[in-house]
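Secondary and tertiary structure notes
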Amino acid sequence: QVAIVNAGGITQIFEAMKNHKEFWKVQDCACELLFYLADNSTDNQVAIVNAGGILQIDNAMRNHKESQVVQQYTHKFLGNLRDNIANNQIASSLQGDTKKVCQILFQMKSYMESEFYLIYNIGRLYALVVDDANNCVTFVHLGGIPQILEAMKNHKKSQKVQEYGCKLLFLLLTDSNNWIAIVNAGGRCQIQEAIKNHDMPEWVFHEYMISLNEW
């Protein structure tokens, strides 16, 4: 692990993945290698993420859905990453907007009972992902969808938590993979309940009607 990383192996792996996007064997080997480089090594995990690893892994997952190796090792990698974020083991070592998204999600998890804190941080997340596809991918893979739904579930009586949560979830629906993830996490029912129980702004109904075409 150490020798490969110190020799610039992560960069080389990503270069190979970029240059051979359509070759499943390259993606298979790369995703498996990335998992083992990061396994039991938070330093390597951080190095992979800081080098743009989440986006590279996302591309492999999307382009090679039929590959069991790609799907298996990317899900394992991302699962370990989410666990370390939940334990606050790596957030301080991340860089840029990835660090911001990570820190906000960790703080939301820690203060899930605070209505004000959730409203504030859901707004911050929206600002990070609204015009940035990379941040959107990062948010989803770091477990953002279940956390937004958990916030909405825990604060069903809060107009603002429901409204801001819907706003962020609707933003994600432009990607078919995201709306599948939202539906599978119970998001459809959560959104319907929010609209039923609250006097939502007109744009919420508009976005909801659009989303029905997807669902």
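Quick look at the structure, then. (Residues numbered from 1 in each chain as written. Predicted model: local features only at pLDDT ≥ 70, side-chain atom pairs only at ≥ 80, totals over all residues. Heavy atoms only, no water.)

**With respect to the overall build of the chain**
Using the following cut-off: In this description a helix means any DSSP run of H or I spanning at least four residues, a strand means any run of E spanning at least two, and both kinds are numbered starting from the N terminus. All radius of gyration figures rest on C-alpha atoms, and the globule criterion is 2.2 Å times the number of residues raised to 0.38. It only takes one pair of heavy atoms within 4.5 Å for two residues to be counted as in contact. Here the open area of atoms and residues is found with the Shrake-Rupley method and a 1.4 Å probe, where only the protein chains shown may cover a residue.
A count of helical and extended segments in the chain gives 14 helices and 0 strands. The order of α-helices and β-strands along the chain, N terminus first, is α-α-α-α-α-α-α-α-α-α-α-α-α-α. Computed over the C-alpha atoms, the radius of gyration of the chain is 18 Å, within 12% of the 17 Å expected from 2.2 N^0.38 for a compact globule of 215 residues. For the C-alpha atoms alone, the extent of the chain along its principal axes is close to 60 × 35 × 25 Å. In the chain, the proportion of contacts linking residues at least 24 apart, taken out of those at least 6 apart, comes to 67%. Summed over all atoms, the accessible surface of the chain reaches about 11000 Å², with 50% contributed by carbon and sulfur.

**Observations regarding the environment of Q89**
You can see Q89 is positioned in the loop between α6 (68-86) and α7 (96-110). C-alpha separation for the pair Q89 and S67, spaced 22 residues apart in sequence, amounts to 31 Å. With sequence-adjacent residues up to four places away left out, Q89 is seen in contact with T42 and N84.

**Describing the pattern of salt bridges**
Note the cut-off: For this analysis, a salt bridge means a side-chain nitrogen from Lys or Arg found within 4 Å of a carboxyl oxygen belonging to Asp or Glu. Each residue is assigned to one of three classes by its accessible area relative to the maximum for its type, calculated with a 1.4 Å probe on protein chains only: buried under 20%, partly exposed between the two thresholds, exposed over 50%.
A full pass over the atoms with the stated rule returns 6 salt bridges. In this structure, the salt-bridge partner of E150 is K109, at a minimum N-O distance of 3.0 Å. Placement of E150 in helix α10 (residues 144-154) and of K109 in helix α7 is noted, with a sequence separation of 41 residues between them. Residue classification places E150 among the partly exposed residues on the basis of a relative accessible area of 27%.

**Re α7**
Inclusion rule: Given the number of residues in a helix, its expected span is that number minus one, multiplied by 1.5 Å. Here, the arc refers to the directions that run from the helix axis to the C-beta atoms.
In this model, α7 (15 residues) spans 22 Å end to end at C-alpha, consistent with the 21 Å of a helix rising 1.5 Å per residue. If you check which residues of α7 are buried, you get T98, V101, C102, I104, L105 and M108. Along the axis of α7, the buried positions cluster into a sector of 165°, meaning they face one direction only. Residues of α7 that are buried sit in contact with α4 (42-50), α6, α8 (115-129), α9 (133-141) and α10.

**Quick word on helix α11 (residues 159-172)**
For α11, spanning 14 residues, the distance from its first C-alpha to its last is 20 Å, which sits close to the expected 20 Å at 1.5 Å a residue. The complete set of buried residues in α11 reads V161, Q162, E163, G165, C166, L168, L169, F170 and L172.

**Some thoughts on the packing of aromatic side chains**
Rules: Here a pair means two rings of Phe, Tyr or Trp (six-membered ring of Trp) with centres within 6.5 Å. Their orientation is stacked below 30 degrees between planes, edge-to-face above 60, and tilted elsewhere. Note on criteria: charge over ring means Lys NZ or Arg CZ within 6 Å of the ring centre, with the direction from the centre no more than 35 degrees off the ring normal.
What the rule picks out here adds up to 4 aromatic pairs. Of the aromatic side chains, those joined through ring pairs into one cluster are F35, Y36 and Y73. One residue, K167, lies across the ring of Y126, its end atom 4.5 Å from the ring centre.

**So, the nonpolar core**
To keep things clear, this is the line we draw: For our purposes a nonpolar core is just a set of buried Ala, Val, Leu, Ile, Met, Phe, Trp, Tyr and Cys residues, chained together by side-chain atoms within 4.5 Å.
L81, L125, F139 and I148 are the most contacted members of the largest nonpolar core, which totals 64 residues. Once you skip the residues sitting within four places of it in the chain, F139 turns out to touch V101, L105, L125, V129, G144, I145, I148, L168 and L172.

**Examining the packing of helix α5 (residues 53-63) against α6**
Test applied: Axis angles are defined between N-to-C directions and span 0 to 180 degrees, where every axis is a line fitted to C-alpha atoms and, for a helix, only to the segment in contact. Note on convention: near helix rotated counterclockwise from far helix by under a right angle means a left-handed crossing. Clockwise means right-handed.
Packing of α5 against α6 leaves a shortest axis separation of 10 Å and a crossing angle of 150°. For the pair α5 and α6, the sense of crossing is left-handed. Here I54, I57, A60 and M61 of α5 come into contact with α6, specifically with V70, Q71, T74, H75, F77, L78 and L81.

**What to know about unusual backbone geometry**
Most peptide bonds take the trans form, and the phi angle of most residues other than glycine is negative. The backbone of N40 sits at a positive phi, close to 60°, despite the residue not being glycine. One can find N40 in the loop between α3 (24-38) and α4.

**Some details on the packing of α7 against α8**
Rule in force here: Note on angle classes: values under 35 degrees are labelled roughly parallel, values over 145 roughly antiparallel, values of 65 to 115 roughly perpendicular, and the remainder oblique. Gly counts as polar in this scheme, as do all residues outside two lists: the nonpolar Ala, Val, Leu, Ile, Met, Phe, Trp, Tyr, Cys and Pro, and the charged Asp, Glu, Lys and Arg.
Viewed as axis vectors pointing N to C, α7 and α8 meet at an angle of 160°, and their least axial separation amounts to 10 Å. Between α7 and α8, the interaxial angle falls into the category roughly antiparallel. Considering the relative orientation of α7 and α8, their crossing is left-handed. Contact with α7, carried on its side by D97, K100, V101, I104, L105, Q107 and M108, involves Y117, L118, N121, I122, R124, L125 and L128 of α8 and no other residues of that element. Looking at the contact of α7 with α8 residue by residue, the class counts come to 9 nonpolar, 2 polar and 3 charged.

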